[in-house]
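Coordinate inspection notes
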Amino acid sequence: MDDYYDDGYVDGDEENGRDGLLNPEWEKQQRKTFTAWCNSHLRKAGTQIENIEEDFRSGLKLMLLLEVISKESLPRPDKGKMRFHRIANVNKALDFIASKGVRLVSIGAEEIVDGNVKMTLGLIWTIILRFAIQDISVEEMTAKEGLLLWCQRKTAPYKNVNVQNFHMSWKDGLAFCALIHRHRPDLLDYSKLSKDNPLDNLNLAFDIAEKHLNIPKMLDAEDINSEDWPDERATMTYVSSYYHTFSRAQQAETAANRICKVLKVNQDNERLMEEYERLASDLLDWIRRTTPWLENRTTDNTLPGTQKKLEEFRAYRRVHKPPRVEQKAHLETNFNTLQTKLRLSNRPAYLPKEGKTVADIANAWKGLELAERGFEEWLLSEMMRLERLDHLAQKFKHKADIHEEWTRGKEQMLQSQDFRYCRLNEVKALKKKHEAFESDLAAHQDRVEQIAAIAQELNTLSYHGSVAVNERCQRICNQWDTLGSLTQKRRSALEEAEGVLEKIDSLHLEFAKRVAPFNNWLDSAREDLVDMFIVHTIEEIQGLIEAHEQFKMTLGEADKEHRSIVGLSQEVQQFATQYKVPGGIENPYTSLTHDDITRKWNDVKLLVPKRDQALQAELMRQQRNEGLRRKFGEKANVVGPWIERQLDAVAAIGMGVQGTLEDQKNKLYQHEQAVLQYRPNVDELERIHQEVQESMIFENRYTQYTMETLRVGWEQLITSIKRNINEIENQILTRDSKGITQAQLNEFRMSFNHFDKNRTGGLNPDEFKSCLVSLGYNLRGDRQGDAEFRRIMCIVDPNNTGYVSFDAFLDFMTRETTDTDTAEQIIDSFRILAGDKPFITADELRRELPPDQADYCIKRMSPYNGSGTVPGALDYMSFSTALYGESDL
């Protein structure tokens with residue numbers, strides 16, 4: 001560049017000679033070009049020049065020009081208008097130029113003050129060289145060579161353009177048009193230009209540059225085209241304006257791209273935050289609605305109502321809960337992905353609204369599962385209780401009906417005074433009959449006690465019809481007391497008459513004595529044969545069958561007793577007929593006849609095979625239930641170990657020791673596909689389980705697995721796969737964004753796993769500290785070391801959970817050596833778009849950024865209230881800072 005700091009000439013000026021004269025045409029071009037160039041800067045200070053050699057004579061505008069283009073302050077100018085004042089001001093300008101390393105040759109303040117055209121143009125050219133051209137550097141060439149190389153590279157693809165210098169190569173205007181088209185193809189159509197229209201080409205380029213690129217018109221098309229050798233200084237000055245304009249445009253584009261990238265990160269993070277809030281609210285609302293329903297352990301105390309509640313629970317387990325399990329896993333995945341993205345983009349961790357954190361959701365879910373635990377077992381036990389209640393209620397009714405049938409008329413009989421008009425034998429018969437009744441009454445004592453015991457059990461089990469049962473039981477007990485009292489009174493009355501009436505019919509008495517217990521046995525046998533039974537195992541029904549077989553073995557003796565009793569009745573009839581005893585056929589000691597006994601005996605013989613059939617049918621049902629138990633057990637013994645193996649395999653992958661992250665991710669996807677393909681086995685097990693429940697089967701000796709434990713294992717498997725996939729995706733994201741190698745990642749994982757003794761997937765503070773020390777991290781054992789460790793814990797565990805996940809550990813080990821975008825970088829980018837202003841306008845944002853991101857900024861930027869503001873000015877500095885801090889952006 002020193003070649004240019006001479007007496008105002010440049011290389012190639014030999015044709016003008018070295019006599020100090022300047023080609024008049026070149027002087028004309030330089031005056032116009034240099035004036036336009038000076039005014040392009042002076043207008044920023046609100047002024048301009050008209051005559052370049054006159055307007056700089058005072059030195060004031062020359063100092064102002066230097067302040068504008070250098071953005072530095074010069075010494076305060078002298079205010080006087082005397083010649084020495086002007087010389088002093090020009091000298092201040094020349095001193096400033098010299099301070100920038102420029103060697104001024106033969107240019108003195110007096111020549112400028114005197115309006116020497118050649119010296120003034122030489123001085124301005126020196127300023128242009130230093131402040132507009134010298135900083136142009138391409139491949140370490142000189143400024144002129146660098147600017148020329150830049151023009152050659154930019155115009156190389158264009159037809160009819162061959163830039164070799166700064167005079168003849170620009171005469172036809174195509175080089176100017178090519179530069180414009182290369183950077184702004186929307187401003188002109190180069191294919192329509194012709195080398196034969198140089199004036200049109202030049203004017204087109206100058207007009208477009210002035211109107212759209214803010215480059216003032218420094219050259220005349222006619223002068224350039226008519227000159228055999230256009231002025232090189234003028235052309236270089238004008239072309240340098242193109243270089244700076246397009247360089248600033250490129251810089252603005254780079255700044256805009258950086259801002260767009262940062263804003264997109266924020267927009268994506270906000271979307272994930274909104275989705276998390278929505279999913280969290282929906283899941284928590286469902287849990288709040290569902291938990292009270294599961295906690296409500298009351299029924300309407302009826303078997304159908306309880307059965308309906310069990311069906312509702314099955315629908316909850318099969319239909320309503322599985323999508324919520326998926327939703328919970330998706331929610332945790334989104335949260336972990338969001339936190340990873342925030343860490344990688346140097347943003348603060350996301351803190352959900354109060355009550356919606358991952359811990360809150362986990363606690364709510366834990367409460368749901370706590371309420372759910374045992375719900376099904378409670379319903380089944382409730383059904384067993386209600387089933388037994390119904391059985392007891394029917395048994396109570398059956399026994400009460402039989403007893404009330406037996407007691408019908410007994411009070412009237414005991415209160416009768418029939419013996420008052422009987423003969424002695426009749427009175428004795430009445431007494432014996434009463435003795436038989438007392439025997440019968442005593443035999444019924446056990447039945448009354450059974451009825452009372454059943455009523456008491458119904459009360460204990462909270463039977464819904466206990467009030468009616470108690471009332472009926474109380475009536476039976478009261479009546480029983482009355483019968484006992486009346487029996488004692490009648491016995492006393494008969495004993496009083498016994499002295500008068502002695503003779504008694506022994507045959508009738510014998511019949512009555514034997515028929516009463518046999519009749520009682522028949523009644524009991526009939527009750528047992530029609531008695532309802534409820535069993536749940538093959539052993540129980542086999543016990544009933546054995547008891548029934550033992551009962552059938554007593555039928556031979558009963559048949560003998562029946563024939564003997566009937567024989568007594570036949571003897572009575574024969575005796576009464578033979579001796580014509582008045583009323584002798586009717587037995588005075590019992591109301592039972594041989595016809596009654598025979599009818600009951602025939603009933604018993606008919607009920608025995610029916611009982612056989614009922615027991616065999618129940619045996620078949622229990623055998624089918626046993627088959628269901630075996631079927632469920634065999635299936636569960638396959639599904640359960642499969643789930644456990646899958647859980648172990650997924651856990652092993654999650655430990656990060658099986659190949660690259662991509663390998664681990666692919667293996668997890670394979671497990672996920674295997675789970676999807678295995679799902680029909682679990683559904684089949686659910687179907688078998690429903691059959692088991694509908695068959696009222698409550699125990700299963702063929703397997704240790706229950707449907708509940710299998711469901712929990714299945715849900716844990718699905719959740720574990722999704723959680724591990726998400727963690728590995730976050731690790732891949734961390735690895736790629738941080739630029740760490742697989743070997744480094746493996747080292748971090750091995751160190752982490754070594755100190756994760758319990759395989760919980762997290763390190764407590766002591767384990768984490770030991771891990772850091774093993775990796776060479778210097779943590780001294782003094783107060784300063786403790787403070788440093790607390791600082792690290794705040795980074796890796798911002799929510800103070802008490803453990804460090806592998807993602808947080810990996811992020812910490814890599815984040816301090818990785819380049820990330822910062823608020824300062826974004827502020828610098830906005831400053832470029834704003835043209836170095838401390839504020840930016842909505843129009844500038846819309847011009848430089850895509851519409852959606854421009855609107856994003858405009859809505860969130862605060863108004864700028866600093867000095868020099870304009871209407872609608874926006875504060876991009878506070879906005880940029882907020883992007884990286886705690887804010888609602």
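All residue numbers refer to positions counted from 1 along the written sequence of the respective chain. Only residues with pLDDT of 70 or above have their local features reported here, since the model is predicted, and side-chain atom pairs are shown and tallied only from 80 upward, although totals for entire chains, interfaces and linings are computed over all residues. Heavy atoms throughout the structure, all of them, feed into the side-chain values; hydrogens and water do not.

Some points on the overall build of the protein
- Numbering of helices and strands runs from the N terminus, with a helix taken as a DSSP run of H or I at least four residues long and a strand as a DSSP run of E at least two residues long. Summing up its helical and strand segments, the protein has 31 helices and 4 strands in all.
- The C-alpha atoms of the protein give a radius of gyration of 56 Å, which is well past the 29 Å a tight globule of 889 residues would have.
- Note on classification: 1.4 Å probe, protein chains only; a residue is buried when its accessible area is under 20% of the maximum for its type, exposed when over 50%, partly exposed between these limits. In the protein, buried positions account for 46% of the 889 residues.
- Looking at the protein alone, contacts between residues at least 24 apart form 75% of all its contacts between residues at least 6 apart.
- For the protein, the exposed surface amounts to about 44,700 Å²; the carbon and sulfur share of it is 50%.
- A distance of 4 Å separates the average location of the 119 positive side-chain charges in the protein from that of its 143 negative side-chain charges. Put simply, the radius of gyration uses C-alpha atoms, and a globule should come to 2.2 Å times the residue count raised to 0.38. Only heavy atoms matter for contacts: two residues are in contact if any of them lie within 4.5 Å across the pair. The method behind every accessible area is Shrake-Rupley, applied with a 1.4 Å probe, and residues are considered shielded solely by the protein chains displayed. When charges are counted, Lys and Arg contribute as positive and Asp and Glu as negative, whereas His and the chain ends are disregarded. Here the site of a charge means NZ on Lys, CZ on Arg, CG on Asp, or CD on Glu.

Observations concerning the pattern of salt bridges
- Only one rule defines a salt bridge in this text: a Lys or Arg side-chain nitrogen within 4 Å of an Asp or Glu carboxyl oxygen. Enumeration according to the criterion identifies 54 salt bridges in this entry.
- Close ionic contact of Asp-268 with Lys-264 constitutes a salt bridge, the shortest N to O distance being 2.9 Å. One end of the pair, Asp-268, and the other, Lys-264, are both in helix H11 (residues 232-295), 4 residues apart, so they sit about a helical turn from each other.
- Accessibility expressed as a relative area gives 23% for Asp-268, which makes it partly exposed.
- Between Glu-326 and Lys-722 there is a salt bridge, and its shortest N-O distance comes to 3.7 Å.

A look at the layout of surface pockets
- Cavities and pockets were defined on a 1 Å grid built from protein atoms only: a cavity is a group of points that admits a 1.4 Å probe but offers it no way out, a pocket is an open group of points flanked by protein on both sides within 12 Å along at least five of seven lines, and a lining residue is one with an atom within 4 Å of any such point. Grid points are joined across faces, edges and corners, and a volume is the space filled by probe spheres set on the points. The calculated volume of the second largest pocket comes to roughly 1,700 Å³.
- Along the walls of the second largest pocket sit 43 residues, with His-244, Thr-245, Phe-246, Arg-248 and Ala-249 positioned nearest its centre.
- For the lining of the second largest pocket, the secondary structure elements donating two or more residues are helix H1 (24-42), helix H3 (60-70), helix H6 (117-133), H11, helix H28 (823-833) and helix H29 (842-848).
- Counting residues per element, the lining of the second largest pocket draws most heavily on H11, which supplies 14 residues.

Let's talk about the confidence of the model for the protein
- Residue-level confidence of the predictor is summarised by pLDDT, bounded by 0 at the bottom and 100 at the top. Confidence along the protein averages 81 in pLDDT terms, with 90% of residues attaining 70 or more.
- In the predicted structure, residues 1-21 sits below a pLDDT of 50 and forms 42 contacts with residues beyond four places in sequence or in another chain.
- Confidence drops under pLDDT 50 across residues 500-504; counting only partners more than four residues distant or on other chains, this segment forms 19 contacts.

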